[in-house]
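Results of the structural survey
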Amino acid sequence: MNSMLDRLEETSLRQRRFVSDASHELRSPVAAIRAQMEVAIRRGDATDWPEVARRVLDEDTRLEQAVAELLELARAEEGVAIDRVEIDLDGVVLEETARVRR
């Protein structure tokens with residue numbers, strides 16, 4: 001009985017961590033999209049709408065990637081085999097730094 005309760009507790013903790021991570025990962029691009037639009041609207045006629053659209057589309061792509069990654073993570077948590085790929089962390093850091101500076 002104790003073993004079963006321990007497994008249930010561990011499962012519950014993993015699920016809470018996943019929900020917390022998912023919430024954080026989805027909130028960032030949504031907030032960036034909102035900020036882009038609010039600033040553009042406040043600037044009125046001075047707004048470069050094609051540039052705003054490009055930035056919003058970039059954030060939308062980021063949001064789409066986050067959703068895909070979270071779904072992949074959920075499948076991995078369920079024990080479904082996933083393909084492993086090598087990731088260039090230097091590239092990720094440089095890309096994210098460039099995105100933030102824009």
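Residues numbered from 1 in each chain as written. Predicted model: local features only at pLDDT ≥ 70, side-chain atom pairs only at ≥ 80, totals over all residues. Heavy atoms only, no water.

**Overview of the confidence of the model for the protein chain**
Note the cut-off: pLDDT expresses, on a scale from 0 to 100, how confident the predictor is about each individual residue. By the criteria applied, helices consist of DSSP H or I runs no shorter than four residues and strands consist of E runs no shorter than two, each listed in order from the N terminus.
Confidence in the prediction of the protein chain, expressed as mean pLDDT, is 86, and 100% of residues score 70 or more. Of all secondary-structure elements in the protein chain, the lowest mean pLDDT belongs to helix α3 (residues 89-101), at 84, while helix α2 (residues 49-77) reaches the highest, 88.

**Points about the environment of R27**
Stated precisely, the cut-off is as follows: Relative accessibility thresholds used throughout: buried, under 20% of the residue-type maximum; exposed, over 50%; partly exposed, between the two (1.4 Å probe, protein chains only). The term polar contact refers here to a pair of N or O atoms within 3.5 Å; inside protein, the definition further demands a hydrogen-donor-capable atom paired with an acceptor-capable atom, and it admits residues adjacent in sequence only when both atoms are side-chain atoms.
Inspection of the secondary structure assignment puts R27 in helix α1 (residues 2-43). Looking at R27, the relative accessible area reads 57%, which means it is exposed. C-alpha separation for the pair R27 and S12, spaced 15 residues apart in sequence, amounts to 22 Å. Within the local environment of R27, its side chain forms a polar contact with the side chain of S23, the two groups lying 2.7 Å apart.

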